[in-house]
Amino acid sequence: MSRVDVRKTYKLYIGGEFPRSESGRSYPALDARGRVVARVAQASRKDLRDAVRHARNAQASWAARSGYNRGQILYRVAEMIEDRFETFVSQVQVTDPDRRRARREVTEAIDTIVWYAGWADKFAQIYGNLNPVAGPFFNISAPEPTGVVGIVAPQDSALLGLVSRLSAVLVSGNTAVVIASESRPMPAVTLAEVLATSDVPPGVVNILTGHTDELIPWLADHMDVNAIDAAGATPEQRRRIQEGAVHNVKRVVLDGEFGDRSPYVIAAFTETKTVWHPKGL
Amino acid sequence: MEPQTTENTEVASRKADVLAPRIEWEYVPSRESTDIVEIADRYDLFIGGEFRKPKSGKYFPTVDPATEETLAEVAEAGPDDVDAAVAAARAAFEDGWGRMPGSERAKYIFRIARMIQERSRELAVLETLDGGKPIKESRDVDLPQVAANFFYYAGWADKLEYAFPGFRPEPLGVAGQVIPWNFPLLMLAWKVAPALATGNTVVLKPAETTPLTALVFAEITAEAGLPPGVFNVVTGAGETGAAVVGHPDVDKVAFTGSTEVGKLIQSQVAGTRKRLTLELGGKAAHVIFDDAPIDQAIEGVVNGIFFNQGHVCCAGSRLFVQENIHDLFVDKLKARLATLRVGDPLDKNTDVGAINSRQQLEKIRQLVEAGVEEGAEIYQPQCELPDRGYWFVPTLFTGVSQSHRIAQEEIFGPVLSIMSFRTPAEAVEKANNTPYGLSAGVWTSKGSRILWMADRMKAGVVWANTYNKFDPASPFGGYKESGFGREGGRHGLLNYVKHAGGRP
Amino acid sequence: MTLTPTRQAILPDRLTNSTLTSFLRSVPSVDEVAVAERVASLSTRSIKRESKAHALRMAISMMDLTTLEGMDTPGKVIQMSSKAVRPDPTDPSIPSVAAVCVYPAMVPYARQAVEGTGVKVASVATYFPSGQVDIGLKVEETRQVVEAGADEIDMVINRGAFLSGDYFRVFDEIVRVKEACGDAHLKVILETGELQTLDNVRRASVLAMAAGADFIKTSTGKVSPAATLPATLVMLEAIRDFWAATGVKVGMKPAGGIRTAKDAIRYLVVLNETLGEEWMSPDWFRIGASSLLNDVLMQIRWLETGRYQSADYFTKD
């Protein structure tokens, strides 16, 4: 007799914990042929609210860490994904059965995290500078993280798309509330399990699975979200995000502006601070 | 607190007591175990990914300066060995290291960084055994910085296109690197990490008194799967170094050491197409204004000159104190000196370890004698030194003039020359009155004065209200006879790349 | 105001808020980053086994075993006092703590419980922890507490006055409470967590010492952060310089947040390196703590037996 396997429950990732949705709802994740492979938690507006609260609480101390430290933590995430390589491949294959393509997606995801990890203690050396102002003043500009960033993850590239958007946001010291790919939620949940065991502090990343149409308006209107990466949003959803952003002047980054790996994505989620100081006796 | 004069002589005598706390009660030696390190009897050269016997057949001893006992014998690389190492490095460069995608190179270097972290205690103990520096420093400063440098430059390997606008970087080829004995593994990291990240291959010549950690590092590169020949170690003394520098197939020479040797190397390289960076001696000015956070300034000065027994090219060896606080400052400094613990470098409580070699000890003694002869006033706290090994008591000189040898020459030991100044302009003038220009320190509570001073100090690094701070992200290097080129940070990459197809 | 002549030596001739303000400006500034580095470096000092056993016993003898809760009762205070006198009933070699520290209403019970044992009774006064009342009431409370049998008074400085720049008021209140203390020892709590900057800590230390503090103390324990190593180092340096300038020795008491034997030893290391052996006694150094004692006892037992210990084997009073 063959052994009965033990199946995983796919939950949300909020504040370092794995709750089900407070709404008690879930929705089916389908494979490429439309069969139900798992039920994943369907987050509510209250789950989103909790996620933002945790992201806010975690932000100052995440930003206060050294770039070196953040870089090492991201690198650790890459190590842990590599360690679960086959799990990720099989989950990508649920919706995209081509094994070679799935393997490429996972290796690219790992290398992309390593690439961003390296930026943690370097991007300020690219965007920061000494400004040669006239007069006896020391004047430097340096980037600082924007704050809490909402990420509407790309819908098709469930792992690579997510990690490349997420890494760019985290590397400078932002914290994130992610709305995972609605149709391909499984790799995002497994990524959450990796994050929870990779020295990423609780609350720095929060991952919600659910219906994007339901969650996006709450994210777009939230007064304590500072920026939104709309990479995975539909044109209508983008419009909704841009309209909601007005309430507290959120920065909105649209998909396709910079590609999967670019220091300019990091820059998009930073604020430049310029400091003047006199030089004299 | 304001210095207060008092008529009460009893108070004055108590003051002497309180300023020199006794510390006998608790720090009985707490020796770091050496079990973690296995030292072989004999070490060969690391060429083409394997350890090879020297063609010369010659070996030389490396000594624990704290006990004068021989730790191991190390191969002496002759011209043929250097030739083989350069050939291996050239082959590895041509075979693909130079053309490998940066992201792949990065992963090797990240691996190396991780393996250094994993073996950090072992490497720290070995560094202390071979070089004499306190375990507290090798454990808490050297090794964390070594790993951090590899992490930092690993991250640059696939981002070189962003480092310099308009510059299409290509590796130079084979880098010949000659490093000193004061921070053996850290200087290796400063040189090797950026060289590998930019796609160069390396022939490294460690100092003859401290070759062991470089050889363990070689082992690590092999375990990390670094392609053979990308990193090579040739051990030996000055002649081996000269053979590396003079080898016609070396594209880049990087040297850290004395200005004297640096000049020899500069002349040896003259007339070739080799790129050169030099990180040489220093005689840093450490300037204390009367509004400085005084107790922290004392710590800064102590750290500035007694860190690593003063074997630091950027050591704050000339102290300039504003005249109105000179006496108070010197009193506090003397009291603090009395609490320094000199002795067994493996004792976790040791602040000042062994002088690196007999030769260096002789040099320090000679310069200190010169200081006394020239009329400066010497102060050394009472301290018991071990019977064997090379030791020098932390030393202060007051009443020093700019014209004294101890104010001009690099002592490279735990010896501080103290002078006074009256105005900021005078402080700047005296601070810059030296052929060196590696580093400088300023202590004042006034930010604008820090920046005013920093603008005027002719030094590659200026520390304000701190001293001897290092970070992989921060460039380091000198003005004037302290050398040229910067190590660390984005700037550190520039020494190891050329623009594709000519001028940028 | 009555001031002892030697303490006065560092003060301006004529005391007004303005002269006191300029005097405090002459107190050296403190660099927070460098202080943090110094204490971090001292925290790596490691101590051999025998010395550690000695240091841990010394830490017990320096302890002000404290309970300062709204729910304190005579029963609680009597039980704690009994623990204070004999911290480990199974090991008579363990010394008594230095003092028990309680609220004013609990002083009579504490007095009775420790009478004749050598353990002192300390009480917080001056409307601890906020001190937000008129000075007359603070003085009155101090008198009452001393009368009730307290050997030591832990007062709070007027942080509001300090932060608003009314240094004279801070100074004057300490002087008047000191007068009210009579023979009782006065510990002056700076509440460093509220002063926030180490510059303030250093100035407040000097002010308190000049005004007559026998001890300066970091915290009430009611504000976070309570005692920290950086604040303690800065206060110890102020004590050292005050001693050098006036010949007056002042004691030091870090309090609040010191919970483990390891913490306690770190404080002793900083004390030893800054002030030396002269201060290594309960006469000059106290540790205010409520939960430290059992951890120290457990560490002593571990050193003696070589077995890591369980809290089940140590009395909780």
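Everything that follows concerns the structure shown earlier in this document.
Small disclaimer: the values here were computed from a predicted structure and weren't measured. Sequence order sets the numbering: in each chain, residues are counted from 1 along the sequence as written. Note on labels: chains are lettered from A, ligands numbered from 1, in written order. Confidence filtering applies because this is a predicted model: local features only for residues at pLDDT of at least 70, side-chain atom pairs given and counted only at 80 or more, and all residues used for totals across whole chains, interfaces and linings. Note that water and hydrogens are dropped before the side-chain values are worked out from all heavy atoms of the structure.

**Q** Talk me through the overall build of chain A; I want residue IDs and the actual numbers.
**A** Helix and strand labels come from DSSP, where a helix needs a run of H or I of at least four residues and a strand needs a run of E of at least two; each type is numbered from the N terminus. In terms of regular secondary structure, chain A is built from ten helices and ten strands. All radius of gyration figures rest on C-alpha atoms, and the globule criterion is 2.2 Å times the number of residues raised to 0.38. Relative to the globule expectation of 19 Å for 281 residues, the C-alpha radius of gyration of chain A, 19 Å, shows essentially globular dimensions. Taking the principal axes of the C-alpha coordinates as reference, chain A spans close to 85 × 40 × 30 Å. In this scheme, a residue with accessible area under 20% of its type's maximum is buried, one over 50% is exposed, and one in between is partly exposed, where area comes from a 1.4 Å probe on protein chains only. Going through the 281 residues of chain A one by one, you find that 52% of them count as buried. Residues count as neighbours in contact if any of their non-hydrogen atoms are within 4.5 Å of one another. For chain A, long-range pairs separated by at least 24 residues make up 75% of all intrachain contacts whose partners lie at least 6 apart in sequence. Only the protein chains shown count as cover for residues, and the accessible areas themselves come from Shrake-Rupley with a 1.4 Å probe. Carbon and sulfur atoms provide 51% of the accessible area of chain A, an area that totals close to 12,200 Å². Counting rule applied: Lys, Arg positive; Asp, Glu negative; His and chain ends not counted. In this description, the location of a charge corresponds to atom NZ of lysine, CZ of arginine, CG of aspartate or CD of glutamate. In chain A, 34 side chains carry a positive charge and 32 a negative one; their mean positions are 2 Å apart.

**Q** Give me the packing of aromatic side chains: which residues, what numbers.
**A** For any two aromatic rings, the description comes down to two numbers: the centre-to-centre distance and the angle of the planes. Stacked, tilted and edge-to-face pairs are distinguished by plane angle, under 30 degrees for stacked and over 60 for edge-to-face with tilted covering the rest, among Phe, Tyr and Trp rings (Trp via its six-membered ring) whose centres lie within 6.5 Å. All told, the structure shown has 33 aromatic pairs over all chains when counted by the stated rule. Ring geometry for Trp115 of chain A against Trp119 of chain A: centres 5.8 Å apart, planes inclined by 75 degrees, an arrangement best described as edge-to-face. Taken together, the residues span about one helical turn, with Trp115 of chain A and Trp119 of chain A both in helix H4 (residues 99–119) at a distance of four residues. The pair Trp115 of chain A / Trp119 of chain A is uniform in exposure class, with both members buried. An angle of 70 degrees between the planes, with centres 6.1 Å apart, marks the rings of Tyr127 of chain A and Tyr264 of chain A as edge-to-face. Taken together, the positions of Tyr127 of chain A in helix H5 (residues 123–127) and Tyr264 of chain A in helix H10 (residues 263–268) put the pair 137 residues apart, joining distant regions of the chain. An aromatic cluster of at least three residues, connected via ring pairs, comprises Trp115, Tyr116 and Trp119 of chain A together with Tyr152, Tyr153, Trp156 and Tyr162 of chain B. The aromatic ring of Trp218 of chain A is capped on one face by Arg45 of chain A, whose charged end is 5.3 Å from the ring centroid. For the cation-ring pair, Arg449 of chain B lies above Phe289 of chain B, with the distance from its terminal atom to the ring centre recorded as 4.8 Å. In this analysis the charged atom, NZ for Lys or CZ for Arg, is taken to sit over a ring once it is within 6 Å of the ring centre and within 35 degrees of the ring normal.

**Q** How would you sum up the interface of chain A and chain B? Please name residues and give values.
**A** It is common to give the size of an interface as the accessible area lost on bringing the parts into contact. Taken together, the 22 residues of chain A in the interface contact 28 residues of chain B. Each salt bridge in this description consists of a side-chain nitrogen of Lys or Arg and a carboxyl oxygen of Asp or Glu lying within 4 Å of one another. On the surface where chain A and chain B come into contact, there are three salt bridges. In this structure, Arg114 of chain B engages Glu79 of chain A in a salt bridge whose closest nitrogen and oxygen atoms are separated by 2.8 Å. Pairing of N or O atoms within 3.5 Å defines a polar contact, subject to two protein rules: one partner must be a possible hydrogen donor and the other a possible acceptor, and residues neighboring in sequence count only if both atoms are side-chain atoms. At the boundary of chain A with chain B, the tally comes to 13 residue pairs in polar contact (both at pLDDT 80 or more). Among the secondary structure elements, those contributing two or more residues to the side of chain A that touches chain B are helix H2 (67–83), H4, H5, H10 and strand S10 (270–278) of chain A. Just so you know the grouping, Ala, Val, Leu, Ile, Met, Phe, Trp, Tyr, Cys and Pro go in nonpolar, Asp, Glu, Lys and Arg go in charged, and all remaining residues, Gly too, go in polar. Per-class residue counts for the side of chain A that touches chain B are eleven nonpolar, five polar and six charged.

**Q** Summarise the pattern of salt bridges; cite the residues concerned and give the values.
**A** Tallied over the entire structure, the rule returns 78 salt bridges over all chains. Arg449 of chain B is paired through a salt bridge with Asp291 of chain B; the nearest N and O atoms lie 3.3 Å apart. Residue Arg449 of chain B is located in helix H16 (residues 447–456), and its partner Asp291 of chain B is located in the loop between strand S12 (285–288) and helix H11 (294–306); the two are separated by 158 residues in the primary sequence. Since its relative accessible area comes to 14%, Arg449 of chain B is described here as buried. Notably, a salt bridge pairs Lys332 of chain B with Asp241 of chain C, separated by 2.9 Å at the nearest N-O pair. Taken together, the residues span two chains, with Lys332 of chain B in helix H12 (residues 326–337) and Asp241 of chain C in helix H12 (residues 229–246). Take Lys332 of chain B: its relative accessible area is 8%, and that puts it in the buried class. One network of salt bridges, in which partners are shared, links Asp64, Glu152, Asp154, Lys187, Lys217, Lys253 and Arg286 of chain C.

**Q** Can you explain the nonpolar core? Please cite residues and give values.
**A** As used here, the term nonpolar core means buried Ala, Val, Leu, Ile, Met, Phe, Trp, Tyr and Cys residues forming a set that is joined through side-chain atoms within 4.5 Å. One finds Ile116, Phe150, Leu188, Phe231, Ile288, Phe329 and Leu333 of chain B to be the most contacted residues of the largest nonpolar core, which totals 165 residues. The element best represented in this core is helix H7 (residues 184–197) of chain B, accounting for eleven residues. When residues of this core are assigned to domains, at least three map to each of domain 1 (42–280 + 480–499) and domain 2 (282–464) of chain B. The contact partners of Leu188 of chain B, leaving out residues within four places of it in the chain, are Phe150, Ile179, Ala193, Leu204, Ala214, Phe217 and Phe231 of chain B. The next biggest cluster of nonpolar side chains, apart from the first, holds 107 residues, and it includes Ile157, Met209, Val234 and Ile265 of chain C. These domain boundaries are the output of an automatic or database domain assignment.

**Q** Let's hear about the packing of helix H7 (residues 135–147) of chain C against helix H9 (residues 167–181) of chain C: which residues, and what values?
**A** Residue and element names in this part refer to chain C. A fitted line through C-alpha atoms represents every axis, and for helices the fit uses only the stretch in contact; the resulting angles, taken between N-to-C directions, go from 0 to 180 degrees. Direction vectors running N to C along H7 and H9 enclose 25 degrees, while the axes themselves pass 8 Å from each other. When the axis of H7 is compared with that of H9, the two are roughly parallel. Seen from above, H7 lies across H9 with right-handed handedness. Here Ile135, Lys138, Val139, Thr142, Arg143 and Val146 of H7 lie close against H9, whose contacting residues are Glu173, Arg176, Val177, Ala180 and Cys181. Of the residues in the contact of H7 with H9, the class split is six nonpolar, one polar and four charged. Throughout this description, any angle smaller than 35 degrees is read as roughly parallel, any larger than 145 degrees as roughly antiparallel, any in the 65 to 115 degree range as roughly perpendicular, and the remainder as oblique. Helix crossings fall into two classes, left-handed where the near helix is turned counterclockwise from the far one by less than a right angle and right-handed where it is turned clockwise.

**Q** So what's going on with the sheet that holds strand S1 (residues 63–66) of chain C? Which residues, and what values?
**A** Residue and element names in this part refer to chain C. One bridge is not enough; two strands pair if DSSP finds at least two bridges between them. Ordered by their spatial adjacency, eight strands build an open sheet running S7-S6-S5-S4-S3-S2-S1-S8, and the pairing between neighbours is parallel. In this open sheet, the two edge strands, each paired with only one partner strand, are strand S7 (251–253) and strand S8 (287–289). Between one strand and the next, the sheet's axes are offset by a mean angle of 25 degrees, whatever the strand orientation. In this sheet, S7 lies alongside strand S6 (residues 215–217) in parallel orientation, the contact comprising three bridges. Within S7, the residue paired with Ile216 across the bridge is Met252.

**Q** So, the pairing of strand S4 (residues 152–156) of chain C: which residues are in play, and what are the values?
**A** All names here are of chain C. Across the five residues that make up S4, a large majority, five, are buried. Of the two faces of S4, both are covered, the one formed by Glu152, Asp154 and Val156 as well as the one formed by Ile153 and Met155. Where strand S3 (residues 120–124) meets S4, three bridges bridge the pair, whose relative direction is parallel. Within the sheet, the bridge partner assigned to Ala122 lies in S4 and is Glu152.

**Q** Tell me about helix H9 (residues 235–245) of chain A, and name the residues and values.
**A** All names here are of chain A. Among all positions in H9, only Gln237, Ile241, Gly244 and Ala245 are buried. Down the axis of H9, the sector holding all buried residues measures 100 degrees, keeping them to one side. Summarising the geometry of H9, the exposed residues directed more than 90 degrees from the buried face are Pro235, Glu236 and Arg239. In the core, the buried residues of H9 are packed alongside strand S5 (148–152), helix H8 (212–221), strand S8 (227–229) and strand S9 (251–253). The arc under discussion is defined with respect to the helix axis, by the directions toward the C-beta atoms.

**Q** Tell me about the pairing of strand S15 (residues 395–398) of chain B, and please be specific about residues and values.
**A** All names here are of chain B. Residues Thr395 and Phe397 of S15 are buried on one face, and the alternating residues Leu396 and Thr398, pointing to the opposite face, are buried as well. Across three bridges, S15 lies against strand S16 (residues 415–421) in parallel orientation. Residue pairing across strands places Thr395 opposite Val415, the latter belonging to S16.

**Q** I'd like a rundown of the sheet that holds strand S13 (residues 318–322) of chain B, residues and numbers included.
**A** Residue and element names in this part refer to chain B. Taken in spatial order, the seven strands line up as S14-S15-S16-S13-S12-S17-S18 in an open sheet, and their pairing is mixed. For this open sheet the edge positions go to strand S14 (377–379) and strand S18 (461–464), each flanked by a neighbour on one side alone. Each strand axis lies, on average, 20 degrees off the axis of its neighbour in the sheet, ignoring direction. Running at roughly 25 degrees to S15, helix H13 (residues 358–373) makes contact with S14, S15 and S16 of the sheet.

**Q** Let's hear about the environment of Ala148 of chain B: which residues, and what values?
**A** Residue and element names in this part refer to chain B. Inspection of the secondary structure puts Ala148 in helix H5 (residues 135–156). Residue Ala148 is classed as buried on the basis of its relative accessible area, which comes to 4%. Ala148 sits 35 residues away from Ala113 along the chain, and the two C-alpha atoms are 7.2 Å apart.

**Q** Please set out the side chain of Lys133 of chain B residue by residue, giving values where relevant.
**A** Residues and elements named next belong to chain B. Assignment of secondary structure puts Lys133 in the loop between helix H4 (120–131) and H5. According to the relative accessible area criterion, Lys133 is buried, its value standing at 2%. Reaching out from Lys133, the side chain makes a polar contact with the side chain of Asp142 at a distance of 2.6 Å. Excluding anything up to four places from it in sequence, Lys133 contacts Glu127, Thr128, Ser138, Asp142, Asn182, Phe183, Asn308, Gln309 and Pro345.

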